[in-house]
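Structural overview
Now for the letters of each chain:
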Amino acid sequence: MSESLAVGRAQARPAGRAGDTAGVAALDARRKLQLALGVIWVLDGILQYQPSMFTQSFPDMLAGSAHGNPGVVAGPITWSASLIGHHVVVLNAVFATIQLALGLGIAWRPTLKLALAASIAWSLAVWWLGEGFGGILAGTARPVNGAPGPVILYAILAVLLWPADRDPGAPSVAGRATGHRPARAVWLVLWGSLAAFALLPSSRAPGAISDMLTDGADGAPVWLAWIDTHAAGALNHHGLAASIVLAVLLALVAVAVYLPAPAFRTAIVLAVVLAAALWLAQGMGELFTGMATDPESGPLLALLALAFWPAVTRKEA
Amino acid sequence: MGGPAWLTAIFAAASLAVAVYCAGRLVVARRGRRPTELDTDGAHVIMGVAMAGMLVSGLHTLPSAIWEVVFTAAAVWFGCRILQGRRGAQPSPWRSSHPLPHLVECAAMVFMFLILPASAAAGAATSGMSMTMTSTESTFSFLTLPLALYLFGYVVCLGDRVTLHARAPALATAPASAESGLRPGYGSGSPEPARPYLAPRCAVVCKMTMGITMGYMLILML
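Residues numbered from 1 in each chain as written. Chains lettered and ligands numbered in written order. Predicted model: local features only at pLDDT ≥ 70, side-chain atom pairs only at ≥ 80, totals over all residues.

What follows covers unusual backbone geometry. Residue and element names in this part refer to chain A. For the bond running from alanine 147 to proline 148, omega is 5 degrees, close enough to zero to count as cis. Topologically, proline 148 is positioned in the loop between helix 5 (112–129) and helix 6 (150–160). If you check the backbone angles, glutamate 296 has positive phi at about 70 degrees while not being a glycine. Here glutamate 296 is to be found in the loop between helix 14 (283–286) and helix 15 (297–307). (Helix = DSSP H or I, 4+ residues; strand = E, 2+ residues; numbered from the N terminus.)

Residues and elements named next belong to chain A. Over its 18 residues, helix 5 extends 25 Å from the first C-alpha to the last, a length consistent with the 26 Å expected when each residue adds 1.5 Å. Among the residues making up helix 5, those that are buried are Ala115, Leu116, Ser119, Trp122, Ser123, Val126, Trp127, Trp128 and Leu129. Against the buried residues of helix 5 lie helix 1 (29–48), helix 3 (71–86), helix 4 (88–107) and helix 6. (Expected span 1.5 Å × (residues − 1). Buried ≥ 20, exposed ≤ 12 C-beta atoms within 10 Å, placed from the backbone. Contact = placed C-beta atoms within 7 Å.)

Residues and elements named next belong to chain A. The contact between helix 6 and helix 15 brings their axes to 9 Å, and the two run at 20 degrees. With respect to helix 15, the axis of helix 6 lies roughly parallel. At the point where helix 6 passes helix 15, the crossing takes the left-handed sense. Residues Pro150, Leu153, Tyr154, Ile156, Leu157 and Leu160 of helix 6 form the contact with helix 15, whose own contacting residues are Ser297, Leu300, Leu301, Leu303, Leu304 and Ala307. Among the residues forming the contact of helix 6 with helix 15, the class breakdown is 11 nonpolar, one polar and no charged. (Axes fitted to C-alpha atoms, helices over the stretch in contact; angles between N-to-C directions. Parallel < 35°, antiparallel > 145°, perpendicular 65-115°, else oblique. Left-handed = near helix turned anticlockwise from the far one by under 90°. Nonpolar A, V, L, I, M, F, W, Y, C, P; charged D, E, K, R; others polar.)

Take the nonpolar core next. Ranked by internal contacts, the top residues of the largest apolar core, which has 163 residues, are A:Val42, A:Leu157, A:Leu250 and B:Met112. Counting residues per element, this core draws most heavily on helix 6 (residues 200–221) of chain B, at 13 residues. The residues touching A:Leu250, leaving out its near neighbours within four places in the chain, are A:Pro143, A:Trp191, A:Leu194, A:Ala195, A:Ala198 and A:Leu274. (Core = buried A, V, L, I, M, F, W, Y, C linked by C-beta atoms within 7 Å.)

The next point concerns the confidence of the model for chain B. Residues and elements named next belong to chain B. Across chain B, pLDDT averages 80, with 73% of residues at or above 70. Segment residues 121–129 is flagged for pLDDT under 50; beyond a separation of four residues in sequence, or across chains, it makes 17 contacts in the model. Under a pLDDT of 50 for its full length, residues 168–191 has, in the predicted model, 59 contacts with residues more than four places off or in other chains. Interface confidence for the predicted complex, expressed as ipTM, amounts to 0.88; the pTM equals 0.87. (pLDDT = per-residue confidence, 0-100.)

Structural data, given as structure tokens:
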């Protein structure tokens, strides 16, 4: 196989060299988003190689996601956490390598479909066994703590960015593979569910959001801790109002998918801003604590929002 | 660094392997007059050695201060290459056509060497490995994550460029890099028969390996 491998673009340039590409299709918007997804998978893989992941902290963290879930959901979580606890070094190394391979597989075009398909299967498994379905069944799902579970967003992105053109005329990248209507339904359900989660009792408790922000400050660098601490102070005892405002904004984003393109673009910008705010509230996925397995939902929500960016139509132009 | 010993050893071995391979590329390119990115390969030689020393104490070679000077000089070189490119300088097959990632790599090395000394003593005492480091309490901690993400993005973009079923291109050595000071056939300018670029796929794999390893080191600093 190696003989048939080549590095592209060199043929297109007389002074080409390694790192250039030949015979490679141009990077269209979908491919750029696929590569962004690949970057996040690579980040996940490397995060999984962190020293703390090779200790009992990792299976303990997984076992914690069983809390509050029905027995039929919690049982397999507890079982898998126990299994991982007995072989934590080997299994964590395998998990990390799988995620790294998923990222590199998405990057390498010949394995793109395989990697995306594998990432869907992997994400669904981790969504159950690693995140307890994001706390949806336990009633603890909150947008601020990453509901509906960051890892399910990987699966959704893999489906939306699948390299197929079922609806080539779709106004956005997200609609090309699945069709415009299913893609819009996914958007509505995702952002609508986030709005609903923002109104659950666990979200609207007086200290719910401020406590989460305070937690996010733990182990964070000074500048991030400063942001989270001050935001927590401002929102302290205003959990209900903050939850309602957040829910309204998320609901607006959800329904905007059925508005004309200019209005939807505004909603996408709002979605990206909300995703960034949620990410900061999540302590940037606690990346600085040494215990993060992924960057949390913020970057994925932003990436997903960008996948829905409507192309400029002739009429608009 | 703070990872499991066997894992850091694997990453150290990978970076050393890249260093040795790139040194070999420099020799083969000179003997066979096969184009390769001399500056990139040269940077990877020193980078591989330095990274291995950061990962495993037994592979420690030079003091941090010396490495800082070396990588600062390398960063200046790649910075100049970027400026030359913007001024429309003619590209040479013997130099990196995309110096920005290598500038970032060199800057990341300087960054890590500057961060390391504060935590090196504690890490060496507790882990037995070369260094345990964290940039969380550093003033410049906000740089760690963007640097790592840039490198992962670079790795993924490189992966995107590797294609199947395309023949490795045969390249004519570039004309007239008069300022290079190299003899004919070594990037200096006289017309040469077309010569294939030296192992382009291996060059890309080296770049990806260095990117992943350096990204791993930066993530350990988070």
